Amino acid sequence: MRLRDSAPADPDRDPVAVIHSALDHGVRMIDTADAYGNEELVGRAIRSRRGQVTLASKCGLRLRPDLPRGFEVRADPAYVRNACEASLQRLGTDVIDLYYLHHRSDTVPIEETVGALADLVARGLVRAIGLSNVTAADLHRAQNVHPITALQERWSLTERGIEGSLLAAAAEHRVTVVAHSPTSHGLLHHRPVGDDTPPHHPGMVLTRLAQQLGASPGQVALAWVHHRERVHGLTVLPLPGTTRVSHARTNLAAADLQLPEAVLRQLDAVPIP
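Remember, it's a predicted structure, so these values are computed and weren't measured experimentally.

**Quick word on the side chain of histidine 103**
Mapped onto the fold, histidine 103 is located in the loop between strand S6 (96–101) and helix H4 (110–122). Owing to a relative accessible area of 14%, histidine 103 belongs among the buried residues under this scheme. Excluding its chain neighbours within four sequence positions, the residues that come into contact with histidine 103 are Leu61, Arg69, Phe71, Val73, Ser132 and Asn133.

Structure (structure tokens):
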């Protein structure tokens, strides 16, 4: 689960309560990053339950509103080491279970970055290495330096860019795919507004099928992502973000949703915007 920080005035929106509710209902991975600005909050929330959590964080991406892309990438070994030590302090833990490079670098070879991450593993500060926002070539080259445990990429019914050489590389190296934004940042939770929305629009298809299944559109979207592991022969973990306890419970219920083959065929045929 990826936690989104929010004001705790409403108990349903208390981020600590969101984490504890998720853990109570079987979630074991909590995902954050130094760029999210909530590592201290996550650390406080899991402190009494650290043994129940697979804690994931990321380094290498610095928010820079003054730049065209809104961020800069730092993937040099010195920065990686310093970033990890800072994250450990903010998280209040002595080890990060899964530590990602947040974004590929155009200037630092992936081998150098993964070498620095591997050194963190050797020092006992990190248990496993992940990559995010990389190419298939990056993954192949990284794997030659140190085993890559997880690949975190955007993957949803309407965003399938991963379904090519990158997914093939993940399958080849038996890398778990962590699918972030599986409901397209919440857009697939809701029926599109407007009488002129075409019936083949993804939101309309999801709404119609969800009604047939007695589920919500977001639950169907999550179940579709999880189903991709059967299609592609690898392990896929959907990673929805949430700001509410009630939403977390709704998302978790999607794990038990079975999608009939006829429904899957209709979802697979949804046009990508």
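Following the structure, the description resumes.
**Thoughts on the environment of leucine 23**
Mapped onto the elements of the fold, leucine 23 is located in helix H1 (residues 15–24). What makes leucine 23 buried here is its relative accessible area of 2%. For the pair formed by leucine 23 and arginine 49, sequence separation is 26 residues and the distance between their alpha carbons is 8.7 Å. Ignoring anything within four residues of it in the chain, the contact list for leucine 23 reads Arg28, Arg49, Gln52 and Val53.

**Notes on the pairing of strand S7 (residues 126–132)**
Most of S7 is tucked away, with six of its seven residues classed as buried. Where S6 and S7 come together, five bridges link them in parallel fashion. Across the sheet, tyrosine 100 pairs through a bridge with glycine 130, a residue of S7. The parallel pair S6 and S7, bridged by H4, forms a crossover whose chirality is right-handed. In this structure, S7 lies alongside strand S8 (residues 150–154), joined through three bridges in parallel fashion. The residue bridging leucine 131 from the neighbouring strand is leucine 151, located in S8. As a crossover connection, the stretch from S7 through helix H5 (residues 136–143) into S8 is right-handed.

Calculation rules
- Residues numbered from 1 in each chain as written.
- Predicted model: local features only at pLDDT ≥ 70, side-chain atom pairs only at ≥ 80, totals over all residues.
- Heavy atoms only, no water.
- Helix = DSSP H or I, 4+ residues; strand = E, 2+ residues; numbered from the N terminus.
- Buried < 20%, exposed > 50% of the residue type's maximum accessible area, 1.4 Å probe, protein only.
- Contact = heavy atoms within 4.5 Å.
- Pairing = 2+ DSSP bridges.
- Right-handed = clockwise from strand over helix to strand, strands pointing away.

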